[in-house]
Amino acid sequence: MQIASDVRSGATTAEAEMASSLEAIRARNDELNVFLFVDEGGAINAARRVDERVARGENAGQLAGVPIALKDNLCQVGVPTTAGSRILEGWLPPYNATVIERVLAAGAVPMGKVNMDEFAMGSSTESSAYGPTRNPLDPSRVPGGSSGGSASAVAADMTPMSLGSDTGGSIRQPAAFCGLVGVKPTYGLVSRYGLIAFASSLDQIGPFAKNATDAALLLEVIAGHDPMDSTSLPEPAPSLVSHVNDGVAGQRIGVVRELYEGADDEVVAEVERAAAALRDAGATIVEISVPEFRLGLSAYYLIAPAEASSNLARYDGVRYGLRVDAEDVAAMNEATRTAGFGAEVKRRIMLGTYALSAGYYDAYYGQALKVRTQMIDAFRRAYQEADLLLGATAPSVAFTLGAKSSDPLAMYLSDVFTIPTNLAGDAALSVPFGTGDTGLPVGVQLVGPGRSEAQLFAAARVLELADGRS
Ligand code: GLN
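Residues numbered from 1 in each chain as written. Predicted model: local features only at pLDDT ≥ 70, side-chain atom pairs only at ≥ 80, totals over all residues. Heavy atoms only, no water.

Peer 1: Explain the pairing of strand β4 (residues 161-166) to me, and be specific about the residues and the numbers.
Peer 2: With 6 of 6 residues buried, β4 is to be regarded as a mostly interior element. The two faces of β4 match: M161, L163 and S165 on one face and S162, G164 and D166 on the other face are all buried. As defined by bridge partners, strand β2 (residues 67-71) adjoins β4 across 3 bridges and the pair is classed as parallel. What sits directly across from L70, in β4, is L163. (Buried < 20%, exposed > 50% of the residue type's maximum accessible area, 1.4 Å probe, protein only. Helix = DSSP H or I, 4+ residues; strand = E, 2+ residues; numbered from the N terminus. Pairing = 2+ DSSP bridges.)

This is the structure we're talking about:
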């Protein structure tokens, strides 16, 4: 990454890069509502530490002096962390998420916390208790969600990279809407320690950047075993940047009907063009159908709310953030949760509690787990026919603010192509490829088995070059 090598060589300083990021944030934050908290003091300190390392002749790190935006569900010591919810207003985490420790150790400069759908439940960033974020490419439109702030920060050139989280598509879909590369890593590749939990068996933290190489670099920094997360894979971070230019010659890439059918024509056209570009670069394109993928959305909307209803039970007015006083503890819990959670979060808690309740557990939650197993088997079969899969990231380009906010099902359908990967725990990314009729970016999705990130980045790079990107 150019900034990091310039900081290491002394061509620029971390403090100067931090100052220009701050200026970019100030220029557009009122308009776009990206940052919920700008950590000016923390950023100055982090930048000075990097410059001191450079002055002492030490290696200042792979991300030396690179400003980074953090989704507001990542815990950072002493920095307000709300997960987009009133219930956590004023809460200061006592520890750093592992990913934050790792980016700091690599020399990155965290600029603050960025907006998101409340507890990461949403696809537009409109469910944030702190107001919607706007898409920097067209402020009348949403940036996608739930990591809409993370995508907008990079698309508005406030920071060159950012971190988000993806439970059902929350990195890939906003990356598609904002013209960025966004990665949902293999489950367990990146530690979830210090990520405010939504649905623990699906949540993964991942990078946003303007291109595959920078995204690969950030993923290399944050990946690798962490004893603080019991689901962390027992191996070091893979080498990714060194494979970005490997190409796709000899790879079999499966264009999966269920991963683009039903999308707008302008999106389908780009998926077809992407398949042709990969074929031109030496891949063998096979057309495949995986009917099980159609079951993903229904299974997800039982499993994710079920896990969320359990994870969100901890917000009781005693341990974190908001408390609304009342006569006794039960009344205080109720008043706090009534005031602290927004409508979408309440809907998920109710759906999840229902799906887990005695008498309904087998019919809903149990059934959804069986579908999840079918999904995993279906992916396995697909990977016998193809090394990687190709489809659309989202059914449309960025939609206008308010277009889906009163229709939860329409909003949920935004993730119809991304959810299957989360259920299987596999790896996937979105890469911008071409533009739709209105000139807005289209994202195509590349999906691969667990630990296939290096091949996914190589394929993404082929598409970047075919699309005339640097
Ligand atoms: N939009 C999906 C949901 O609301 C996915 C969110 C996410 O990946 N965090 O559950």
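Read on for the rest.
Peer 1: Describe the nonpolar core, and please don't skip the residues or the numbers.
Peer 2: Ranked by internal contacts, the top residues of the largest apolar core, which has 136 residues, are F119 and L278. Excluding residues within four positions of it along the chain, L278 makes contact with V248, I253, A283, I285, L390, L446, A459, V462 and L463. In this structure, A151, V154, A155 and L180 belong to the second largest nonpolar core, which totals 8 residues. (Core = buried A, V, L, I, M, F, W, Y, C linked by side-chain atoms within 4.5 Å. Contact = heavy atoms within 4.5 Å.)

Peer 1: So what's going on with the site of the ligand? Which residues, and what values?
Peer 2: Within the structure, the ligand sits among 15 residues, and G168, S170, Y300, R348 and D415 are positioned closest to it. Contacts to the ligand include G122, whose backbone N or O atom sits 2.8 Å from an oxygen atom. Backbone polar atom of T167 to an oxygen atom of the ligand: 2.8 Å apart, as the coordinates give it. Class assignment of the residues belonging to the shell around the ligand gives a composition of 5 nonpolar, 7 polar and 3 charged. (Near = heavy atom within 4 Å. Polar contact = N/O pair within 3.5 Å; in protein donor to acceptor, adjacent residues only side chain to side chain. Nonpolar A, V, L, I, M, F, W, Y, C, P; charged D, E, K, R; others polar.)

Peer 1: Help me get a handle on the side chain of S414, residues and values and all.
Peer 2: Within the secondary structure, S414 is located in the loop between α13 (408-412) and α14 (419-424). Apart from the residues within four sequence positions on either side, S414 is in contact with S123, Q173, T393, A394, P395, F399 and K404.

Peer 1: Give a description of the sheet that holds β4 that names residues and reports values.
Peer 2: One key point about sheets: their strands pair by backbone hydrogen bonds, in either a parallel or an antiparallel sense. Taken together, 11 strands build an open sheet; the order of strands is β1-β3-β2-β4-β6-β5-β10-β11-β9-β7-β8 and the sheet is mixed. This sheet does not close on itself; its edge strands, each paired only once, are β1 (35-38) and β8 (284-288). Each strand axis lies, on average, 30 degrees off the axis of its neighbour in the sheet, ignoring direction. Sitting on the sheet, helix α3 (residues 40-55) touches β1 and β3 (109-114), and the angle it makes with β3 is about 160 degrees. (Axes fitted to C-alpha atoms, helices over the stretch in contact; angles between N-to-C directions.)

Peer 1: Account for a nonpolar patch on the surface, naming residues and giving values.
Peer 2: A surface patch of nonpolar side chains, about 290 Å² in accessible area, is lined by Y354, Y360 and Y364. Counting through the fold element by element, Y360 comes out in the loop between α11 (343-356) and α12 (362-385). Residue classification places Y360 among the partly exposed positions, given a relative accessible area of 36%. (Patch = residues over 30% accessible without salt bridge, like charges linked within 9 Å, V, L, I, M, F, W, Y side chains within 5 Å. Areas by Shrake-Rupley, 256 points an atom, 1.4 Å probe, with all protein chains shown as cover. Salt bridge = Lys/Arg side-chain N within 4 Å of Asp/Glu carboxyl O.)

Peer 1: For the packing of aromatic side chains, give the residues involved together with the corresponding values.
Peer 2: Taken as a whole, this structure holds 15 aromatic pairs when the rule is applied. Between Y300 and Y301 the ring centres are 4.8 Å apart and the planes differ by 80 degrees, which places this aromatic pair in the edge-to-face class. A relative accessible area of 4% means that Y300 is categorised as buried. Relative accessible area serves as the criterion here: at 13%, Y301 is assigned to the buried category. Three or more aromatic residues link up through ring pairs in this structure, and these residues are W91, F119, Y315, Y320 and F341. In this structure, K404 packs its charged tip against the face of F399, placed 4.7 Å from the ring centre. (Phe/Tyr/Trp six-rings, centres within 6.5 Å; stacked < 30°, edge-to-face > 60°. Lys NZ or Arg CZ within 6 Å of the ring centre and 35° of its normal.)

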